[in-house]
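Descriptive analysis of the structure
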Amino acid sequence: MKFFIDTANIEEIKKATRMGLVDGVTTNPTLVSRENRPFLDVIRDICEVVDGPVSVEAVSMTADELIPEARKLSKIHPNVVVKIPMTLDGMVAVRQLEQEGIKTNVTLVFSPNQALLAMKAGASYISPFVGRLDDAAHEGMDMVADCLEIIENYGFTSEIIVASIRHPLHVLTAARMGAHIATIPYKVMVQLSKHPLTDVGIERFLSDWEKVPKT
Ligand code: G3P
């Protein structure tokens, strides 16, 4: 299972990279806006640190505008993957860009049928937003299971990036389902390492170690 980090913050990316938890990065306009730095500086810094795909979002709405925008974004660095919104224009752009060798990540996917269209368009990556579906009282992870079943049925080559992850249970469920990738906020990566019995165990071992004669 590949872990991407869902952030545009270079310090978080560096810390997670040291822990061996970064196979790639996903950004979006909201995450970039939190950095208060010029867009190109943010993306270039990330690409320097990360040896893997870095998703960068295109913001045009028509295919005729999305395609040149994506071409421009892809020139920032060979690792850039262009995020394209799940619209019909977006699918036109995905088909053209993938034919040109520009990798795409179809974003804002909220149903298995949307994912199916992205698979047929030839998207390299597809991002179902599980947390936002949970927020709307739907089982977000059910959509991931459906997407994986469709890929298995027909041998589509798209990889599923479980996105909008809010807590460790999303990651566990994604792993049990065999999702290709989870894009995880730094805070949730830290949560994955925690267990109260680990803390209690360390405390007990350290206090017992104090009782051991050292000579
Ligand atoms: O990768 C998509 C993700 O950034 C969306 O997350 O928490 O804004 O729903 P969220």
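In what follows, the structure referred to is the one given above.
Now for a quick tour of the structure. (Residues numbered from 1 in each chain as written. Predicted model: local features only at pLDDT ≥ 70, side-chain atom pairs only at ≥ 80, totals over all residues. Heavy atoms only, no water.)

Here we look at unusual backbone geometry
Positioned with a positive phi, L108 is a non-glycine residue whose angle comes to about 60°. Secondary-structure assignment places L108 in strand 5 (residues 104–109). Looking at L108, the relative accessible area reads 34%, which means it is partly exposed. Located in the positive-phi region is A137, a residue other than glycine, with phi close to 65°. By the element assignment, A137 lies in the loop between helix 7 (130–135) and helix 8 (140–154). (Helix = DSSP H or I, 4+ residues; strand = E, 2+ residues; numbered from the N terminus. Buried < 20%, exposed > 50% of the residue type's maximum accessible area, 1.4 Å probe, protein only.)

Topic: the pairing of strand 6 (residues 125–128)
The alternating pattern of strand 6 places Y125 and S127 on one face and I126 and P128 on the opposite face, and all of these are buried. Across 3 bridges, strand 5 lies against strand 6 in parallel orientation. For V109, the partnering residue across the bridge sits in strand 6 and is P128. Sheet topology places strand 6 next to strand 7 (residues 159–162); 2 bridges connect them, and they run parallel. Looking at the pairing, Y125 lines up with E159 of strand 7. (Pairing = 2+ DSSP bridges.)

Some details on the site of the ligand
Near the ligand, the surroundings consist of D6, N28, K83, F129, R132, A163, S164, R166 and T183. Within the contact set of the ligand, an oxygen atom lies 2.7 Å away from a side-chain nitrogen or oxygen of D6. Across the complex, the protein chains shield 82% of the 310 Å² of accessible surface that the ligand would expose by itself. The cavity where the ligand resides is the largest pocket. Its residues assigned to classes, the shell around the ligand shows 2 nonpolar, 3 polar and 4 charged. (Near = heavy atom within 4 Å. Polar contact = N/O pair within 3.5 Å; in protein donor to acceptor, adjacent residues only side chain to side chain. Areas by Shrake-Rupley, 256 points an atom, 1.4 Å probe, with all protein chains shown as cover. 1 Å grid on protein atoms, 1.4 Å probe; cavity = no way out; pocket = protein on both sides within 12 Å on 5 of 7 lines; lining within 4 Å. Sits in = over half its atoms within 2 Å of the grid points. Nonpolar A, V, L, I, M, F, W, Y, C, P; charged D, E, K, R; others polar.)

Re the packing of aromatic side chains
If you walk through the whole model with that rule in mind, you get 3 aromatic pairs. Here F4 and Y125 contribute two aromatic rings whose centre-to-centre distance is 6.2 Å and whose plane-to-plane angle is 65°, an arrangement assigned as edge-to-face. Remark: Y125 occurs in strand 6 and F4 occurs in strand 1 (residues 2–6); sequence separation between them is 121 residues. Classification of Y125 as buried rests on a relative accessible area of 7%. Here the aromatic rings of Y154 and F156 are separated by 6.1 Å at their centres, their planes lie at 55°, and the arrangement is tilted. Residue classification places Y154 among the exposed positions, given a relative accessible area of 62%. According to the relative accessible area criterion, F156 is partly exposed, its value standing at 21%. A cation sits over an aromatic face here: K214 above W209, 4.7 Å from the ring centre. (Phe/Tyr/Trp six-rings, centres within 6.5 Å; stacked < 30°, edge-to-face > 60°. Lys NZ or Arg CZ within 6 Å of the ring centre and 35° of its normal.)

What about the environment of G20?
Inspection of the secondary structure assignment puts G20 in the loop between helix 1 (10–18) and strand 2 (24–26). Here the alpha-carbon distance between G20 and F3, two residues 17 residues apart in the chain, equals 9.3 Å.

Overview of the pairing of strand 5
Along strand 5, 5 of the 6 residues are buried, which leaves the element largely enclosed by surrounding structure. As paired strands, strand 4 (residues 80–85) and strand 5 are joined by 4 bridges and run parallel to one another. Note that in strand 5 the partner of I84 across the bridge is V106. Handedness of the strand 4-helix 5 (residues 88–99)-strand 5 crossover: right-handed. Considered for its hand, the β-α-β crossover made up of strand 5, helix 6 (residues 112–121) and strand 6 is right-handed. (Right-handed = clockwise from strand over helix to strand, strands pointing away.)

Observations concerning the layout of surface pockets
Counted as a void, the largest pocket has a volume near 440 Å³. Considering the residues around the largest pocket, the lining is formed by 23 residues, among which D6, N28, L31, R34 and P185 are closest to the centre. Those elements that place two or more of their residues in the lining of the largest pocket are helix 2 (29–33) and helix 10 (186–192). Counted by class, the lining of the largest pocket contains 7 nonpolar, 8 polar and 8 charged residues. (Points joined across faces, edges and corners; volume = space filled by probe spheres on them.)

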